[in-house]
Amino acid sequence: MPIRRLLLLCSMFWLLMQSGAAHAELVVVVNARSGVAAMSRNEVVNVFFGRTRQFFNGVEAQPVDMVDSHPDRARFYSALVGKDLSEVNAYWSRQVFSGRQQPPVRAASQDDVMRLVLSQPGGIGFIELSKADARVRVVYELPK
Amino acid sequence: MVMRFARMLKGRGSGGTFGRWLAACCLLALSSLAVASDDAQAFTLQGFGTVGMARTTNDQLEFVRDLSQPGGIRKHWDGRNDSVFGLQGAWQIDPRLSAVVQATAKYRYDHTYNPEVAWAYLRYEPTPSATLRLGRLGTDFFMMADSRWVGYSYLTVRPPGDYFWYLPFYSINGGDAAYAWSLGESLVRVKAFYGLSNGQIPLADRQWDINGSPMTGASVEYQYAAWQIRASYANITFKNDLPIGDILQTYSPDPAASSRYLATRDRRSDYYSLGVVYDQGPLQVQLMLNRIEQGSNSFESSEGGYVLAGYRIGEVKPYLGYSWIRSAQRNTAGRQVIETRIMADAHVDQATRIVGVRWDLARNMALKAQWDAVRGEATSIFPYRNDPANGLWSGRMDVYTVTFDFVF
């Protein structure tokens, strides 16, 4: 039946869109000078939620987050901890207003993330795999 | 410290002065912005607030959020007890040193909304794993106790009452030190604090001054993946007796002996707590237990706790909870009538079922609705205000609350 075929075509197109532009692979990168080669999911979580301020080798971690309006931020936290941005923001409001810590710097674009990661030896951020070059090291690949 | 006798002597205090606190907040915001323009990089101004309305199903006595509030909610919708506005300025002086000032305006011990400096401290990080703070600081007697007014940061409309209303202490003038260790993928964090308390606890028309009472405590926290476990100990040694001298003069056959027996001055209260949080994807579960040992005969030692579970479905997070608190009656055999009446005011024995929903309607804004079903003994009056002592309080009350929380 033509209607069924049309529906099938539409859903295939939708799936392609999903796996294509919107879902380029996100990876966690560190400044290549940090001496960090790989990280586990829990280590990445600990750094981005400010639970630890150091890498295993003692280098001070300088996480770079993104602004809420950038779609990569929601993708990153969803893939990393299964959390909505409202939950991540609620977590940081507790950290800030209880006086425990200030949130990481927020980048507005992927180029901005790269610039901030490269500006300090302990820089760590999340970008699309295709943006990673020799100045950074991919330490963790987010599950799709 | 619900004291019917004190209340019988005088009526309620005056209402709030809305204009004054608004003016003070504006001034604070303006002065902060003036600093911001000098050095925009190093200065951040952030804020939080809640507009909350609540009502109960009982007109016998008044429901309060904690014992720092002099009056509370009855059968009509009331916005006093859960509403708050806070502003925080943070200056990063250099990479290791920062200064933080937070001002809040909320319904306070003297029936006003006068803004207060909640905290103002210097924070120094000698290494990335160590933190020292000096100044006016928040106290985390129990897990999350230092963010009780930041509604946006938690699930419920207010921190579960049976666990937190006993804790009217918010800040100290003193210092704390924290250190964190990474053990592979898990983390251990220890923290210790010492300082002099800063605050007043309302007692009917008067205030019990706890300013200058030494407080000290320590906690250890373990974190692994979705799990967080925290154990803590803290104490306060009260600097002053309860303001009940005139009542004892009037009603006790031996005022000096009664006053000695009910003394709070130089008496210590010990607070023990254990908290477990499991936070994985859309699921969040909390279990908190506490034990409070009261050194003064005016108060009863107690045990309390709560369990709370929420599950996010899209933007909406329904939750269920259960909290409880029970205090142990002291032996009052042979005591004066007035002494046993005052001691009975400190009794609590109740449990609360909590059902609610949080909706994150927009960025940094949440709308919540909650039903609390308090079921307790008729003798359970310590958590409330303005109990008329007419024998009509049944120990049962439902509380309906709607809040709008925001941060910026």
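These numbers were taken from a predicted model, which means no experiment stands behind them.

What about the overall build of chain A?
Okay, step 1: In terms of regular secondary structure, chain A is built from five helices and five strands.
Okay, step 2: For chain A, the α and β elements follow one another from N to C terminus as α-β-α-β-α-α-β-α-β-β.
Okay, step 3: Out of the 144 residues belonging to chain A, those deemed buried represent 34%.
Okay, step 4: In chain A, 69% of the contacts between residues at least 6 apart in sequence involve partners at least 24 apart.

Here's the deal with the overall build of chain B
Okay, step 1: In terms of helices and strands, chain B carries six helices and 20 strands.
Okay, step 2: Counting over 408 residues, chain B shows a buried share of 44%.
Okay, step 3: Counted over contacts in chain B with a minimum sequence separation of 6, partners at least 24 positions apart contribute 63%.

Some remarks on unusual backbone geometry
Residue and element names in this part refer to chain B.
Okay, step 1: Non-glycine residue His111 carries a positive phi angle of around 70°.
Okay, step 2: Within the secondary structure, His111 is located in the loop between β4 (97-106) and β5 (116-127).
Okay, step 3: Using a count of 19 C-beta atoms within 10 Å as the deciding quantity, one classes His111 as partly exposed.
Okay, step 4: In this structure, Asn364 takes a positive phi of about 60° despite not being glycine.
Okay, step 5: With respect to the helices and strands, the residue Asn364 is situated in the loop between β17 (349-362) and β18 (365-376).

Comments concerning the interface of chain A and chain B
Okay, step 1: Listed per partner, the contact involves 24 residues of chain A and 31 residues of chain B.
Okay, step 2: Secondary structure elements with two or more residues in the side of chain A that touches chain B: α2 (41-48) and α4 (85-97) of chain A.
Okay, step 3: No other element matches α4(A), which puts seven residues into the side of chain A that touches chain B.
Okay, step 4: Grouping the amino acids of the side of chain A that touches chain B by side-chain chemistry returns four nonpolar, twelve polar and eight charged.

Points about the environment of B:Tyr170
Okay, step 1: By secondary structure assignment, the location of B:Tyr170 is in the loop between α3 (161-164) and β7 (171-183).
Okay, step 2: Not counting chain neighbours up to four residues away, the residues in contact with B:Tyr170 comprise B:Ala118, B:Gly138, B:Thr139 and B:Gly199.

Quick look at the sheet that holds strand β3 (residues 105-107) of chain A
Residues and elements named next belong to chain A.
Okay, step 1: One open sheet accounts for five strands, arranged β3-β2-β4-β1-β5; its pairing is mixed. Edge positions in the sheet fall to β3 and β5 (136-141), since each has one partner strand and no second. Adjacent strand axes in the sheet meet at a mean angle of 40° when their direction is disregarded.
Okay, step 2: Two strands pair when backbone bridges link them, and strand β1 (residues 26-31) and strand β4 (residues 123-128) are joined in this way by five bridges, in the antiparallel orientation. Bridging across to β4, Leu26 finds its partner in Glu128.
Okay, step 3: Most of the contacts of helix α3 (residues 71-81) go to β1, to which it runs at about 95°, and overall it touches β1, β2 (62-66) and β4.

Notes on the confidence of the model for chain B
Residue and element names in this part refer to chain B.
Okay, step 1: Across chain B, the average pLDDT comes to 89, with 90% of residues at or above 70.
Okay, step 2: This model gives residues 1-23 a pLDDT under 50, and the stretch forms 49 contacts once residues within four places in sequence are excluded.
Okay, step 3: Every residue in residues 32-40 is under pLDDT 50, and counting partners more than four places away or in other chains gives six contacts.
Okay, step 4: For this predicted complex, the interface confidence score (ipTM) comes to 0.87, while the overall pTM stands at 0.87.

A closer look at the nonpolar core
Okay, step 1: Ranked by internal contacts, the top residues of the largest apolar core, which has 61 residues, are B:Phe63, B:Phe141, B:Phe142, B:Ala145, B:Leu167 and B:Phe169.
Okay, step 2: Counting residues per element, this core draws most heavily on β5(B), at three residues.
Okay, step 3: When residues no more than four places from it in sequence are discounted, the contact partners of B:Phe169 are B:Thr139, B:Phe141, B:Ser197, B:Gly199, B:Met215 and B:Ile236.
Okay, step 4: Grouped together as the second largest cluster of nonpolar side chains are 27 residues, A:Val27, A:Val29, A:Val81 and A:Val113 included.

So, the pairing of β7(B)
Residue and element names in this part refer to chain B.
Okay, step 1: As judged from the nine bridges shared by strand β6 (residues 130-138) and β7, these two strands associate in the antiparallel manner. Counterpart to Ala130 in the pairing with β7 is Tyr179.
Okay, step 2: Two strands pair when backbone bridges link them, and β7 and strand β8 (residues 186-197) are joined in this way by twelve bridges, in the antiparallel orientation. Paired with Ile172 across the bridge in β8 is Ser197.

Quick word on helix α5 (residues 110-119) of chain A
Okay, step 1: Of the residues making up α5(A), those classed as buried are A:Val113, A:Met114, A:Leu116 and A:Val117.
Okay, step 2: On its buried side, α5(A) packs onto β1, β2, β3, β4 and β5 of chain A.

So, the environment of B:Ile244
Okay, step 1: As for its position among the elements, B:Ile244 is in the loop between β12 (227-237) and α4 (245-251).
Okay, step 2: C-beta crowding within 10 Å serves as the criterion here: with 24 such atoms nearby, B:Ile244 is assigned to the buried category.

Focus on the environment of B:Arg148
Residues and elements named next belong to chain B.
Okay, step 1: In this fold, Arg148 is placed in the loop between β6 and α3.
Okay, step 2: Since 21 C-beta atoms lie within 10 Å of it, Arg148 is described here as buried.
Okay, step 3: Between the alpha carbons of Arg148 and Pro160 there is a distance of 9.9 Å; along the sequence they are twelve residues apart.
Okay, step 4: Among residues more than four places away in sequence, those in contact with Arg148 are Pro159 and Phe164.

Rules used throughout
Every chain is numbered independently, its residues counted from 1 as its sequence is written. Just so you know, chain letters begin at A and ligand numbers begin at 1, following the order they were written in. A pLDDT threshold of at least 70 governs which residues receive local features in this predicted model, and a stricter bar of 80 or more applies before side-chain atom pairs are shown or counted, although totals over entire chains, interfaces and linings include all residues. For the purposes of this entry, the term helix denotes a DSSP run of H or I that reaches at least four residues, the term strand denotes a run of E that reaches at least two, and both are numbered from the N terminus. Exposed residues have 12 or fewer other C-beta atoms within 10 Å of their own C-beta, buried residues have 20 or more, and residues in between are partly exposed; the C-beta atoms are placed from the backbone. For every residue pair, C-beta atoms are placed from the backbone, and the pair is scored as a contact if these atoms sit within 7 Å. For this scheme, ten residues count as nonpolar: Ala, Val, Leu, Ile, Met, Phe, Trp, Tyr, Cys and Pro. Four count as charged, namely Asp, Glu, Lys and Arg, and the remainder, Gly too, count as polar. Two strands pair under a simple rule: DSSP has to find at least two bridges between them. In this description, a line fitted to the C-alpha atoms serves as the axis of each element, helices being fitted only across the stretch in contact, and the angle between N-to-C directions of two axes falls anywhere from 0 to 180 degrees. Confidence of the predictor in every single residue is expressed as pLDDT, which spans 0 to 100. For our purposes the nonpolar core covers buried Ala, Val, Leu, Ile, Met, Phe, Trp, Tyr and Cys residues that link as a set through C-beta atoms within 7 Å.

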